[in-house]
Amino acid sequence: MATVRVQHAAFDLGAEAALLAAGRTDVGGLASFVGLCRADDGLAALTLEHYPGMTERAIEAIAAEAEARWPLTGCTIIHRVGRLPPGEPIVLVLTASSHRAAALEACAFLIDWLKTRAPFWKREEFADGRERWVEAKAADDAAASRWDQT
Amino acid sequence: MATVRVQHAAFDLGAEAALLAAGRTDVGGLASFVGLCRADDGLAALTLEHYPGMTERAIEAIAAEAEARWPLTGCTIIHRVGRLPPGEPIVLVLTASSHRAAALEACAFLIDWLKTRAPFWKREEFADGRERWVEAKAADDAAASRWDQT
Amino acid sequence: MRILYFAWVRQKVGRAEEEVAPPPEVTTVAALVDWLAAQSPGHADAFANRRTIRCAVNQEFATPDQAVAAGDEIAFFPPVTGG
Amino acid sequence: MRILYFAWVRQKVGRAEEEVAPPPEVTTVAALVDWLAAQSPGHADAFANRRTIRCAVNQEFATPDQAVAAGDEIAFFPPVTGG
């Protein structure tokens, strides 16, 4: 059963990873991905909006799909919402498995699917006062769709 | 330039990840892999032996190959040696990039190549007193060789 | 029927949610969009380019032909951009 | 010529390193292995199945036909199993 959290507060990668391995001796690999806010083009901050209720359900469904495809011993997904300046972590995906390939592949799968199937929206705020909603990227759809072919 | 360390002491995933992102706003993704010692078949401990000097050179060469293939903003590889009981972390690979795919792929590449190109050897010690050297796995060679085809 | 709006759909409509009671012939997502688009200039603007709008019915992604009924929670939003 | 042994190669030879001075006709890794294997029963045992032995010359992986010379650091070990 995956741990799923949607929160404004920062997360602690080391502590979350330790939780997935704590007290067990069957974890051979722990993979993680942290997505961070970049300062592209004079970006002052991102604001992340989500759909409370549906977001958690969607992430739990994505995690259940990963658990059905790979033999995971644990999985943690934390996605931040609210206003985040450049340098701030946005999302954490952590996967644990007896086997390294399962942990690594499930981690890549989860972040690809999160980008295309979880209801979050990013608004960019620039140093000059402009604001704009980030548009969905065809590259993200392509990255997510490669998991359909396997 | 990658950070490479071979040490007996444990490492701190959270602190190492924070170092790769500290003070920068161009990191969009941080991927990590931690390999741990599993308690398979009554394993009491692994002892890792290495070739001091060559090990560091080999890991630096592997990291340089990853940096040539992907646009990384940082890369950290820490490999433990000595006696490690089940549950203990053995190896840490951390990659940072502006783009998530580069961080994720480079991380998977590094752990695959480390397993086949860095001079470490594992000896298993069992609860009943038996000891044996771990044999190299064909699956690891296959995992590493997929990077030759790209 | 409870309607939720997110991101620029919310900004164009000018509200985050509303209770609506469309006529009985509104039985699909597509028909609901047509009916909502006629409710105000903000609604019309939000739904001007329907290919850029996504929908969820009762917190599951939905297609235009999906059925809708009284009591449903229906959300409209742009393609998602999290992660 | 400094020879290093690791893992079970070290255990079979019975030492971690040694200085050797093979005759001048020993100019490749393969010839060095032949010469070393004749030095003691432990050496013979360690090099009994050469397909399971890997070599590094001056800390770079080497093939059997690679040249060796006085002053080189040459290591023998099983296939690696780190990570």
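Refer to the structure above for everything that follows.
Residues numbered from 1 in each chain as written. Chains lettered and ligands numbered in written order. Predicted model: local features only at pLDDT ≥ 70, side-chain atom pairs only at ≥ 80, totals over all residues. Heavy atoms only, no water.

**Things to note about the overall build of chain C**
So, step 1. Within chain C one finds 3 helices and 5 strands.
So, step 2. For chain C, the N- to C-terminal ordering of α and β elements is β-α-β-α-α-β-β-β.
So, step 3. Against the 2.2 N^0.38 benchmark of 12 Å for 83 residues, chain C shows a C-alpha radius of gyration of 12 Å, consistent with a compact globule.
So, step 4. Expressed as lengths along the three principal axes of its C-alpha atoms, the size of chain C is roughly 35 × 30 × 20 Å. (Helix = DSSP H or I, 4+ residues; strand = E, 2+ residues; numbered from the N terminus. Rg over C-alpha atoms; globule rule 2.2 N^0.38 Å.)

**As for the sheet that holds strand β5 (residues 82-84) of chain B**
Residue and element names in this part refer to chain B.
So, step 1. Pairing in this open sheet of 4 strands is antiparallel, and the strands run β5-β3-β7-β8 from one edge to the other. This sheet does not close on itself; its edge strands, each paired only once, are β5 and β8 (131-133). Averaged over neighbouring strand pairs, the angle between their axes works out to 25° when direction is ignored.
So, step 2. Alignment of strand β7 (residues 120-126) against β8, held across 3 bridges, turns out to be antiparallel. Across the sheet, residue Glu125 finds its bridge partner in β8, namely Glu131. (Pairing = 2+ DSSP bridges. Axes fitted to C-alpha atoms, helices over the stretch in contact; angles between N-to-C directions.)

**Digging into the sheet that holds strand β2 (residues 29-36) of chain B**
So, step 1. If you walk across this open sheet you meet the 8 strands as β1(A)-β4(A)-β6(A)-β2(A)-β2(B)-β6(B)-β4(B)-β1(B), and the pairing is mixed. A strand with exactly one partner marks an edge of an open sheet, and here the two such strands are β1 (3-7) of chain A together with β1 (3-7) of chain B. Strand-to-strand, the axes of this sheet are offset by a mean angle of 10°, without reference to chain direction.
So, step 2. Contacting β2 (29-36) of chain A together with β2, β4 (72-80) and β6 (89-97) of chain B, helix α3 (residues 100-117) of chain B runs over the sheet at an angle of about 150° to β6 of chain B. (Contact = heavy atoms within 4.5 Å.)

**Some words on the relation of the copies chain B and chain A**
So, step 1. Between chain B and chain A, the superposition needs a rotation of 180° and an axial shift of 0.0 Å, giving an RMSD of 0.0 Å. In short, the pair behaves as if placed about a two-fold rotation axis. Using C-alpha coordinates, one finds that chain B approaches the rotation axis most closely at Gly14 of chain B, a distance of 2.0 Å. (Least-squares fit on C-alpha atoms with pLDDT ≥ 70 in both.)

**Considering helix α4 (residues 138-145) of chain B**
So, step 1. Where α4 of chain B is concerned, the buried positions are Asp140, Ala143 and Ala144 of chain B. Down the axis of α4 of chain B, the buried side of the element spans an arc of 95°, and every buried residue falls inside it. Seen from the buried face of α4 of chain B, the exposed residues on the opposite side, beyond 90 degrees, are Ala138 and Ala139 of chain B.
So, step 2. The elements touched by buried residues of α4 of chain B are α3 (100-117) of chain A together with α3 of chain B. (Buried < 20%, exposed > 50% of the residue type's maximum accessible area, 1.4 Å probe, protein only. Arc of directions from axis to C-beta.)

**Some details on the pairing of strand β3 (residues 43-50) of chain B**
All names here are of chain B.
So, step 1. The element β3 is largely enclosed, with a buried count of 7 among its 8 residues.
So, step 2. Across 3 bridges, β3 lies against β5 in antiparallel orientation. Residue pairing in the sheet places Thr47 in a bridge with Arg83 of β5.

**Considering the interface of chain A and chain C**
So, step 1. Contact with chain A, which involves 24 residues of that partner, is made by 20 residues of chain C.
So, step 2. Across the interface of chain A and chain C, roughly 1,800 Å² is buried in total on both sides, 57% from carbon and sulfur atoms.
So, step 3. At the surface where chain A touches chain C, the tally comes to 2 salt bridges.
So, step 4. In this structure, Glu49 of chain A engages Arg10 of chain C in a salt bridge whose closest nitrogen and oxygen atoms are separated by 2.4 Å.
So, step 5. At the boundary of chain A with chain C, the tally comes to 12 residue pairs in polar contact (both at pLDDT 80 or more).
So, step 6. Counting residues per element, the ones that place at least two in the side of chain A that touches chain C are β3 (43-50), α2 (54-69), β6 (89-97), α3 and β7 (120-126) of chain A.
So, step 7. Here the residues of the side of chain A that touches chain C are counted per class, giving 13 nonpolar, 4 polar and 7 charged. (Buried area = accessible area lost by both parts, 1.4 Å probe. Salt bridge = Lys/Arg side-chain N within 4 Å of Asp/Glu carboxyl O. Polar contact = N/O pair within 3.5 Å; in protein donor to acceptor, adjacent residues only side chain to side chain. Nonpolar A, V, L, I, M, F, W, Y, C, P; charged D, E, K, R; others polar.)

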